[in-house]
Amino acid sequence: KEILMRMGRRTRAEEFDCGACGYSTCREKAQAVFEGMAEEEMCWPNLRKKAERKGDMIFLNSRNIIVLLDKNNLITQLNPKAEKAFDITNEEAVGKHISILGLSEEDYIYSIKNKKDLLNKKMHLKDYGIIVMQNTIYIEGDELFVSMQDITEEEKNKEELAKLKMHTVSI
């Protein structure tokens, strides 16, 4: 029972008995762990949950603007950085067309149609006063993961350096 608890199986209803670990039941697996024949961690449903939690943490805490789209270019999710950049909440955006954010859908249509990623596209989002480097990643099932890295400061620095060089040349 202690091993089942550590494996996240507190009640009989939480015992999947999926067989993915090579044992017919969770109880059989717990017995094998007790006998030193198996590892607690080798449970596919638990590993999947752990990966999903880590994925959620990355999504929520990313320094990049992230927008998830379905095959019709409808927003399925925004991360907090996107909410801030576009001044809209996830709840307000979900189910709305990507154009609500002032973004053109051309790249997204191309990516879905051809099942291809589009990487490192520099975009000036004038409505928001930012410059981003956009990556559009195609996900099986006709979904898109759009990640935008804010490069506004770097671009301003490049512009200032170019002005300084031109000034130096003119002197």
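Presented here is an overview of the structure given in this document. Please read all numbers here as calculations on a predicted model, not as lab measurements. (Residues numbered from 1 in each chain as written. Predicted model: local features only at pLDDT ≥ 70, side-chain atom pairs only at ≥ 80, totals over all residues. Heavy atoms only, no water.)

### Topic: the pairing of strand β4 (residues 130–139)
In the sheet, strand β3 (residues 118–125) pairs with β4 via six bridges, with the strands oriented antiparallel. Looking at β4, one finds that His124 is bridged to Ile131. (Pairing = 2+ DSSP bridges. Helix = DSSP H or I, 4+ residues; strand = E, 2+ residues; numbered from the N terminus.)

### Focus on the side chain of Ser111
With respect to the helices and strands, Ser111 occurs in helix α6 (residues 106–114). Overall, the relative accessible area of 0% leaves Ser111 in the buried class. Residues in contact with Ser111, not counting those within four places in the same chain, are Lys116, Asp117, Thr136, Tyr138 and Leu144. (Buried < 20%, exposed > 50% of the residue type's maximum accessible area, 1.4 Å probe, protein only. Contact = heavy atoms within 4.5 Å.)

### Points about the pairing of strand β5 (residues 143–150)
Two strands pair when backbone bridges link them, and strand β1 (residues 65–69) and β5 are joined in this way by five bridges, in the antiparallel orientation. Its bridge partner being in β5, Ile66 is matched across the sheet by Ser147. Where β4 meets β5, eight bridges bridge the pair, whose relative direction is antiparallel. When the bridges of β5 are listed, Ile137 appears paired with Phe145.

### Here's the deal with the state of the cysteines
Tallied over the full model, the rule gives zero disulfides. No disulfide involves Cys18; its sulfur sits 6.1 Å from that of Cys21, the nearest cysteine. For Cys18, a relative accessible area of 47% gives the class partly exposed. (Disulfide = S-S within 2.5 Å.)

### Points about the environment of Thr76
Looking at where Thr76 falls in the secondary structure, it is placed in strand β2 (residues 75–78). Along the primary structure Thr76 and Arg6 are separated by 70 residues, whereas in three dimensions their C-alpha atoms are 35 Å apart.

### A look at the environment of Asn114
Considering the arrangement of structural elements, one finds Asn114 in helix α6. Overall, Asn114 belongs to the partly exposed group, its relative accessible area being 34%. A C-alpha to C-alpha distance of 9.1 Å links Asn114 and Tyr138, two positions 24 residues apart in sequence.

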